[in-house]
Each structure stands twice: as structure tokens, then as C-alpha cells.
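# Geometric and topological summary
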Amino acid sequence: MASSWIHTLASSLLLTMMIIRTAIAKEDFKLRPFEIDLSDRVPRMIRQIQESHLPQTPVYTDTGTSAGITLSDLKSFKQQWLTSFDWDQEQISLNKFSHFTAEIEGLTVHFIHEKSGAADAIPLLLIHGWPGSFLEFIPLVDDLTKTAMTKSGKRVSFDVIVPSLPGFAFSSSPPIDWTIQDTTRVFNTLMTHVLAYEEYATFGTDWGSGVAYSLYDQWNTTVRAAHLDFLPFYPLSSAELAAENITLTGLEEFEEDVTITWSNEGTGYFSEQTTKPNTIGLALYDSPIGQLAWIGEKFMNWSDPDAGHAPSVLTRNEILRSVSLYYLTESFASSVVIYAQNPNGFSTVYSKALNDAPLLFSAFKYNPGFWPPALVAQVGNLVYYKNHGFGGHFPGLDNPPALLGDLREIGSYWEASK
Ligand SMILES: *[C@@H]1O[C@H](CO)[C@@H](O)[C@H](O)[C@H]1NC(C)=O
Ligand SMILES: *[C@@H]1O[C@H](CO)[C@@H](O)[C@H](O)[C@H]1NC(C)=O
Ligand SMILES: *[C@@H]1O[C@H](CO)[C@@H](O)[C@H](O)[C@H]1NC(C)=O
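Going by the annotation in an unreviewed UniProt entry, the name recorded for the protein is Alpha/beta-hydrolase, with Penicillium frequentans given as the source organism.

### What to know about the pairing of strand β4 (residues 122-127)
Burial runs high along β4: six of the six residues are buried. Here β4 shows two buried faces, one formed by I122, L124 and L126 and the other by P123, L125 and I127. Here four bridges tie β4 to strand β7 (residues 158-163), and the two strands are oriented parallel to one another. Across the sheet, the residue bridging to L125 is I161, located in β7. Bridge count between β4 and strand β8 (residues 200-204): four bridges; the pairing is parallel. Looking at β8, one finds that I127 is bridged to G204.

### With respect to the site of ligand 1
T65, S66, T261, E265 and N301 make up every residue found near ligand 1. One of the side-chain N or O atoms of E265 is found 3.4 Å from an oxygen atom in ligand 1. In the model, an oxygen atom of ligand 1 is placed 2.4 Å from a nitrogen or oxygen of the N301 side chain. Across the complex, the protein chains shield 66% of the 360 Å² of accessible surface that ligand 1 would expose by itself. Mapping ligand 1 onto the cavity grids shows that it belongs to the largest pocket.

### Re the layout of surface pockets
Of the pockets and cavities examined, the largest pocket occupies roughly 650 Å³. Lining the largest pocket are 31 residues; nearest its centre among them are T65, E297, M300, N301 and W302. If one sorts the elements of the lining of the largest pocket by residue count, helix α12 (residues 288-301) sits on top with six residues. Along the lines of polarity and charge, the residues of the lining of the largest pocket split into 14 nonpolar, eleven polar and six charged. Considered as a void within the structure, the second largest pocket measures approximately 380 Å³ in volume. Lining the second largest pocket are 16 residues, and of these V59, A67, I69, T70 and L71 sit closest to its centre.

### Some words on the packing of aromatic side chains
For the structure on display, the rule yields 26 aromatic pairs. Ring geometry for W207 against Y339: centres 5.2 Å apart, planes inclined by 85°, an arrangement best described as edge-to-face. With W207 in helix α7 (residues 207-218) and Y339 in helix α14 (residues 332-341), this residue pair connects regions lying 132 residues apart in the sequence. Taking relative accessible area as the criterion, W207 reaches 4% and is therefore assigned buried. Relative to W302, the ring of Y269 lies with its centre 5.4 Å away and its plane at 65°, an arrangement referred to as edge-to-face. In this pair, Y269 is assigned in helix α10 (residues 268-275) and W302 in the loop between α12 and α13 (316-328), connecting sequence segments 33 residues apart. Of the two residues examined, Y269 and W302, each falls in the buried class. Lying across the ring of F77, R316 places its NZ or CZ 4.4 Å from the centre.

Rules of the game
Residues numbered from 1 in each chain as written. Chains lettered and ligands numbered in written order. Predicted model: local features only at pLDDT ≥ 70, side-chain atom pairs only at ≥ 80, totals over all residues. Heavy atoms only, no water. Buried < 20%, exposed > 50% of the residue type's maximum accessible area, 1.4 Å probe, protein only. Helix = DSSP H or I, 4+ residues; strand = E, 2+ residues; numbered from the N terminus. Pairing = 2+ DSSP bridges. Near = heavy atom within 4 Å. Polar contact = N/O pair within 3.5 Å; in protein donor to acceptor, adjacent residues only side chain to side chain. Areas by Shrake-Rupley, 256 points an atom, 1.4 Å probe, with all protein chains shown as cover. 1 Å grid on protein atoms, 1.4 Å probe; cavity = no way out; pocket = protein on both sides within 12 Å on 5 of 7 lines; lining within 4 Å. Sits in = over half its atoms within 2 Å of the grid points. Points joined across faces, edges and corners; volume = space filled by probe spheres on them. Nonpolar A, V, L, I, M, F, W, Y, C, P; charged D, E, K, R; others polar. Phe/Tyr/Trp six-rings, centres within 6.5 Å; stacked < 30°, edge-to-face > 60°. Lys NZ or Arg CZ within 6 Å of the ring centre and 35° of its normal.

This is how it looks when you write it as C-alpha cells:
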């Protein structure tokens, strides 16, 4: 009797201690609901846009988009910003999602967390890049939480987590020596400790593909599926592809050309942000029109020429929303530093991740980075590769139904990974 009484007391004490410890552990991360409220910064932004002065006519004869953003595009964006763009409305629609912040390793990490409600939902971490933001995934979040069928007839739904990279939007700026590897560790802590998921899947684009790939490579017991549309490995030239005996289809040839054009004529921003991030960061820090030219050009150049028309939702309003987010959160200068912090973010040597979990890949026609299936298979356990003839570098905006369909295919492979 006595021993069973002591046993009961001991186990209830243990339980109490465990509850307290869990509470403390949660408290350590200061997990809090978060609401976007940038309205008091909007009047100044509008004033600056109004007062900005652009030349009447092109400084040189109009050279088209190959010389960067055109004066006529910039003028029409400016007009739209002043006449029909409404940050307060955007903010109301964005606040319909459940936002949170948590403190991890001294950083404030902002993220959206929407749950499916299904017991077998797959936790899915969606990671953006530059000049993207959590906004890239907004068109997908609700649909991903709903139960759907994979092509192989399996039920699938997701708990969706969309963080802001350190230094972007509402996530605080990291220390100067911060790298993709550090972000990888922090995001894994977010998933496994703050949100207590034992296993999860991740999708990454642009710099986010570097984070997603590192998560896949380094946390092989918890990251049980990865999906990418970009790789942290330099694409190969046509000659290098030929040397690997890789032959291309017509669509692939086109995508290879887009990549080569980027490499030859489109890397000015890349050099600047890698070598002199403070110059461009401070030059545009307080200039909405300047940020629009620098960022808007990339949105337009890296997406489908038909962007803004179905299935694309990458409208000019969406570009203005993204630029406004950078400007209003004062995060342009800290966002560009990611290039300087990761000079070796793209490797020239292909290596296979230490993970037997499924790897999925989606290619999009105008994405300025192309990797044929044979190359993607060199870096992981490639089980699914789909090439889309519409879309570009921001598929969550540029071709959301295609990315949604591909992400759902994670469900076809998820159980096999257990
Ligand atoms: C994108 O930039 C490249 C390189 O300068 C240029 O050749 C191409 O015409 C541009 N495309 C668009 C759609 O702006
Ligand atoms: C490409 O094919 C040639 C001829 O069949 C062969 O000699 C060479 O080893 C192949 N290269 C690779 C990288 O597989
Ligand atoms: C996970 O990585 C370790 C090395 O860190 C490796 O020994 C192990 O085989 C990997 N497991 C899987 C399932 O790939």
C-alpha cells in the first residue's frame, strides 16, 4: 500500500515537473501571436512616392527591358501605387492568417502557422528567398490545409508554416556572420522545439532552397521530404551538360537559355549585394521608388511574360505589396546582406544529401535557374520531377495551381518515408 501511495505521489510529482518544464521550454521561445500593423508608416511612404521626381522622357532612348526597368514601367507603377494600391486593405487580408513570433537564439522569428485539423496532416515548412517574402506563399496556404487527393489517390493535407528569413520583413536582423547554415538550425528548432513536430517536409525557393536543402541534408531524421524549384548548386553550361551526356528537350533548351542569359546579363544585383551590400542597402533604404526599381525589375524579369494573368496572380498590385512590405518593415538593407553572408551559397561541386527521404522538384519555364532531372538526382533521392511550361522564379505567385499540385505529391511519398 505504502509503496503504491509513494509511487502515485512520485509519478504525479514527475508529471507536475514535466508540465512545468514544458511550460518553461515553451516560455523560453516566447511564442506569441502577432498582428501586422504598419499603418502609421504608410502616410510617409505615400508622401515620398508623391514627391519622387522621375524624368519626363527616358534619359537615353528607351532601351527596353534588357537595360533594366523602363521609365514607362516605373511611371505606371508609381501611378498605381498612388491611385489604387491600399496597404491598409492588404494588411487586413494578411492578418486573416495566424501569425506568430518566437525568440530563437536571440532572433525574433516571424511565421504564419495554419493547421489542417486532420490527424495525419503533414507539417510543411515553406521557405522564401530574395526579393521574395512570406507573401510568395499566401495564395497556397488555405488550399494546402484542405484535404485533397494525390495523383496516386492518397489523402493529403498540410499544417503550413511560412517563416520570414532572418533580416526579412518581421524577423529580426541576424548578426553579421550569420549564414544559411545558422538559419537552417534556427528553422529546425522552430519546427521541432517551438512547434513540437517530430517530422516534417520542407519546400524552398531561391535562398530558401539553400535552407531547405541544408535541412534535408543535415536533419535526416526529422526532415522526411524536401521539395525544391531551385538548387544551391550552380547550373551547368550547355557544354557542361553535354559533357555529362545530358540531352535536353525543347522546353529544357529554352530554360537553359533563360539561365545562360541570367548568368551573362542579369547578375549585376548579385555582385553588388555580395560585395557592397551597404551601398545599395543604404542608397535605397528610404526610397520607395528606388526599392520598386531594384526589386520590381527582378519580379518582372524572372517571371512569365504573362504574369498577372491566370493562372498567375503576380499582378502589379502584388509587386507593389511586396515592395511596400520591404519598405515599411525597413528590411531592404538587411535583406540584401544574405548575399554577402553566403558567398559560397551556390556550390560548383554537386554532392548527394545524407538523406534517403524523397526529394521532389518543380521546374518553371522562366525561372533563371535550370537543372534537368539527371542533375537534381545527383543531390538527393529524386522521386518526382515536373517541368511546367508556365511560370518563373516565384511559382507561389506566378503559377500557384502548379506548385500546389506538386506540393500535394509530397503526400504520395510521405508514408513510404517512415
Ligand atoms: C530579362 O533580362 C534579360 C537580360 O538582360 C533580357 O534579355 C530579357 O529581355 C529580360 N526579360 C524580360 C521579360 O524583362
Ligand atoms: C558520356 O558518354 C561517353 C560515350 O558513351 C562516355 O565515354 C562517357 O564516359 C560518358 N560521360 C559521362 C559523364 O557519363
Ligand atoms: C543521416 O546522416 C548520418 C550522418 O550524419 C548518416 O550516417 C545516416 O546514414 C543518415 N541517415 C539517413 C536515413 O540517410
